[in-house]
Amino acid sequence: MAAGGGGRNVPPGSGMRRDGGTEPYWSRPECRVWTAMLLLGTCLLYCARVTVPICAVALSSYFDWDKKQFGVVLSSFFWGYCLTQIVGGHISDQIGGEKVLLLSASAWGFLTVLTPLLTHITSAHLVFMTSSRFLMGLLQGVYFPSLASLLSQRVRESERAFTYSTVGTGSQFGTLLIGAAGSLLLDWYGWESVFYFSGLLTLLWVYCTCKYLLSEKELTIPMNYLTRGLSVPKQTKVPWKQLFRKAPIWAVIIAQLSTASTFFTLLSWLPTFFKETFPDSKGWVFNVVPWLVAIPTSLFSGFLSDHLISQGYRTITIRKFMQVIGSGVSSIFALCLGQTSSFCKAIVFASASVGLQTFNHSFSCQCHFSSRSFPCV
C-alpha cells in the first residue's frame, strides 16, 4: 500500500480515514494511540543513543581506553547521524514514514542487543565500537525526518505542532529513563545489561507497533515503491539549485546547526561540567532536573504554537517566534551557565537552556517539506 501521502491511495482497513474523500488524516482516537507509541519510540531512540555515554567509565575501564580513544567512539555516532537525514526524509515521503521508522528501529534494536555479545568475540574493541556507533548513527539519522514526514501527512496542520512537541518529549523521557535505570543496571549487573535493556525494549516496541497498529498489507513495501524511494520522477524533482539560492534556506540550516551543536554539547558534557565545577553536588540533581523541566516546556510550546495559529497568526510568524526562543534565548542561558559559580544558578541556567530548546519542536513538523510542496520557502 501507499503510506498516506499526497496523491496516494488509501486501501480499506488501513486504519486511516479521509475527510471529504481526499485527505488521509488519522481520526482522534488513532492520533492519540499513534502519538503515545511514537513518544515511546522517541524515548527508546534516546535510550539506545545514550547507552555508551552512560557506560563511559565502565567501558573505558573494561577496554582500557583513554579519553581520546573514548572520544573517538562517542564522536563516530554523529558522523553517521548526519549522513542519512535527507535520504531518510525522501524515502519516507515515498513509502511512508512508519515503515522507515520501524525498519530503522528494528536494526538499531538488534545492533544494541548484539553489541555486548560481539565485543567478546573480537579483539579490535576500539575499531568495533567505533564502527558500531557509526552504524547506530546511520540508522537513527532517519528517525526524525521520517517522523516529520509521517506527521505532516497524517495529522491536521492545526494539531501538528502539539503532536510533534508531545512526541519530542520522548527524548527527555528517554534520557531520564536510561539515566535512572541504566545507572542501577550498571551497578548491579555490569555495562552489558544496559545494552540488553535498551535493545530488547526497542524490539518489543517494534513488535507491538506492527501487531496492533499496522495491518499486514501496510507492512509490505511493493517493489515499485522501493524504486520510487530511490529515484525521483521528473515532475516531482526537488529544485535544489533554486532552494539553495534562497536566504531563508541557509538561515534554517545555520540555525539548526547551531541549535543541534548546543543541545548535544549539553547532553554529552553537562554531567562532566557539574562534577568538575561542583564536586560535592548530587548527580541525580543535575542529571534529572534539566530534563524534567524540558518535558512541560516542550508540551507548552506545541500548545502555544497551535493556539496562536488557530487565533489567525501566520504560520511563518509563529515559526520565527519559536525559533528565536528555541535557539536564541536558550543560548543566552547556556552562555550564562559557564559564568556562574553558584550551583543553584547553574541548575537554573541549565534547565532554562535545555527547556527552551524544546520550542524548536513546535515548528519542526510545520517546516517539513517534501518533493511535492515547499511551505517553508
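Above: the structure in question.
Residues numbered from 1 in each chain as written. Predicted model: local features only at pLDDT ≥ 70, side-chain atom pairs only at ≥ 80, totals over all residues. Heavy atoms only, no water.

### Quick look at the pattern of salt bridges
Next up, step 1: Enumeration over the complete set of coordinates arrives at 2 salt bridges.
Next up, step 2: In this structure, glutamate 159 and arginine 28 form a salt bridge, with 2.6 Å as the shortest nitrogen-oxygen distance. With glutamate 159 in helix α9 (residues 157-168) and arginine 28 in helix α1 (residues 28-49), this pair connects stretches of sequence that are 131 residues apart.
Next up, step 3: For glutamate 159, a relative accessible area of 19% puts it in the buried group.
Next up, step 4: Residue arginine 154 pairs with glutamate 98 through a salt bridge whose shortest N-O separation is 2.9 Å. (Salt bridge = Lys/Arg side-chain N within 4 Å of Asp/Glu carboxyl O. Helix = DSSP H or I, 4+ residues; strand = E, 2+ residues; numbered from the N terminus. Buried < 20%, exposed > 50% of the residue type's maximum accessible area, 1.4 Å probe, protein only.)

### Regarding the nonpolar core
Next up, step 1: Among the nonpolar cores identified, the biggest contains 66 residues, and Trp26, Leu38, Leu59, Trp108, Met129, Phe274 and Leu337 are the most heavily contacted of them.
Next up, step 2: Of all the elements, α1 adds the most residues to this core, at 10 residues.
Next up, step 3: Once residues lying within four places of it in the same chain are set aside, the contact partners of leucine 337 are Leu266, Leu270, Phe273, Phe274, Ala346, Phe349 and Ala350.
Next up, step 4: Judged by nonpolar contacts, the second largest core, of 8 residues, contains Leu308, Ile318, Ile325 and Leu356. (Core = buried A, V, L, I, M, F, W, Y, C linked by side-chain atoms within 4.5 Å. Contact = heavy atoms within 4.5 Å.)

### Describing the packing of helix α4 (residues 67-81) against helix α7 (residues 125-140)
Next up, step 1: Axis separation between α4 and α7 bottoms out at 6 Å; the angle between their running directions is 25 degrees. Judged on the interaxial angle alone, α7 and α4 are roughly parallel. As α4 runs across α7, the sense of the crossing is right-handed. Mapping the contact onto sequence places Gln69, Val72, Val73, Ser76, Phe77, Trp79, Gly80 and Tyr81 in α4 and Leu126, Met129, Thr130, Arg133, Phe134, Met136, Gly137, Leu138 and Gln140 in α7.
Next up, step 2: A breakdown of the residues in the contact of α4 with α7 according to their chemical character gives 10 nonpolar, 6 polar and 1 charged. (Axes fitted to C-alpha atoms, helices over the stretch in contact; angles between N-to-C directions. Parallel < 35°, antiparallel > 145°, perpendicular 65-115°, else oblique. Left-handed = near helix turned anticlockwise from the far one by under 90°. Nonpolar A, V, L, I, M, F, W, Y, C, P; charged D, E, K, R; others polar.)

### Structural notes on the packing of α1 against helix α6 (residues 97-119)
Next up, step 1: Running from amino to carboxyl end, α1 crosses α6 at an angle of 35 degrees, the nearest separation of the two axes being 11 Å. Handedness of the α1/α6 crossing: left-handed. Contacts between α1 and α6 involve Trp34, Leu38, Leu44, Leu45 and Ala48 on the former and, on the latter, Glu98, Leu101, Trp108 and Thr112.
Next up, step 2: Along the lines of polarity and charge, the residues of the contact of α1 with α6 split into 7 nonpolar, 1 polar and 1 charged.

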